[in-house]
Amino acid sequence: MAFSPFKFLQEVRSETGKVTWPTRRETMITTAMVFVMVALASIFFFASDQIIRYLVTLVLGIH
């Protein structure tokens, strides 16, 4: 079975026609959700880091 670049490109074009692309509104909502989750995760990890730092300095007696 030989590889045919022309046939491959035809199949790719056919498959992209079957894709349900998101609307502009869906894309904007999803992007906003990603930014909110990144902000929440960064706050969580910052707080966790500060608590762990405090506990380690307390246990080791570092001032």
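The model shown is predicted, which means the values in this text are computed figures rather than measured ones.

Draft legend 1. Quick look at the overall build of the protein. Looking only at helices and strands, one finds two helices and zero strands in the protein. The C-alpha atoms of the protein give 25 Å as radius of gyration, which overshoots the globular expectation for 63 residues (11 Å, by more than 25%). Once the C-alpha set of the protein is aligned to its principal axes, its extents read approximately 70 × 35 × 10 Å. Within the protein, the fraction of its 63 residues that count as buried is 0%. Accessible surface for the protein amounts to roughly 6400 Å². Of this, 73% is attributable to carbon and sulfur atoms.

Draft legend 2. Focus on helix H2 (residues 24–60). Compared with the 54 Å implied by 1.5 Å per residue over 37 residues, the 53 Å span of H2 between its first and last C-alpha is a close match. A positive backbone phi angle near 70° is found at Gly61, which sits one or two residues after H2.

Draft legend 3. Up close: a nonpolar patch on the surface. On the surface, a nonpolar cluster with roughly 510 Å² of combined accessible area is contributed by Ile52, Val56, Val59, Leu60 and Ile62. Along the chain, Ile62 falls in the segment after H2. The class for Ile62 is partly exposed, based on a relative accessible area of 49%.

Draft legend 4. Representation of the environment of Phe3. With respect to the helices and strands, Phe3 occurs in the segment before helix H1 (5–18). Distance in space between the C-alpha atoms of Phe3 and Met33 is 42 Å, their sequence separation being 30 residues.

Draft legend 5. Region of interest: the pattern of salt bridges. Inspection of every chain in the model, using the stated rule, returns two salt bridges. In this structure, the salt-bridge partner of Lys7 is Glu11, at a minimum N-O distance of 3.3 Å. Linking Lys7 with Glu11, this pair stays in helix H1, spanning four residues, or about one helical turn.

Draft legend 6. Inspection of the packing of aromatic side chains at higher detail. By the definition in use, this model includes two aromatic pairs. Each ring, one from Phe3 and one from Phe8, has its centre 6.0 Å from the other, and the planes form 45°; the classification is tilted. For Phe3, a relative accessible area of 65% corresponds to the exposed category. With 5.1 Å between their ring centres and 70° between their planes, Phe44 and Phe45 make a pair best called edge-to-face. For the pair formed by Phe44 and Phe45, the shared burial category is exposed.

The rules behind each value
- Residues numbered from 1 in each chain as written.
- Predicted model: local features only at pLDDT ≥ 70, side-chain atom pairs only at ≥ 80, totals over all residues.
- Heavy atoms only, no water.
- Helix = DSSP H or I, 4+ residues; strand = E, 2+ residues; numbered from the N terminus.
- Rg over C-alpha atoms; globule rule 2.2 N^0.38 Å.
- Buried < 20%, exposed > 50% of the residue type's maximum accessible area, 1.4 Å probe, protein only.
- Areas by Shrake-Rupley, 256 points an atom, 1.4 Å probe, with all protein chains shown as cover.
- Expected span 1.5 Å × (residues − 1).
- Patch = residues over 30% accessible without salt bridge, like charges linked within 9 Å, V, L, I, M, F, W, Y side chains within 5 Å.
- Salt bridge = Lys/Arg side-chain N within 4 Å of Asp/Glu carboxyl O.
- Phe/Tyr/Trp six-rings, centres within 6.5 Å; stacked < 30°, edge-to-face > 60°.

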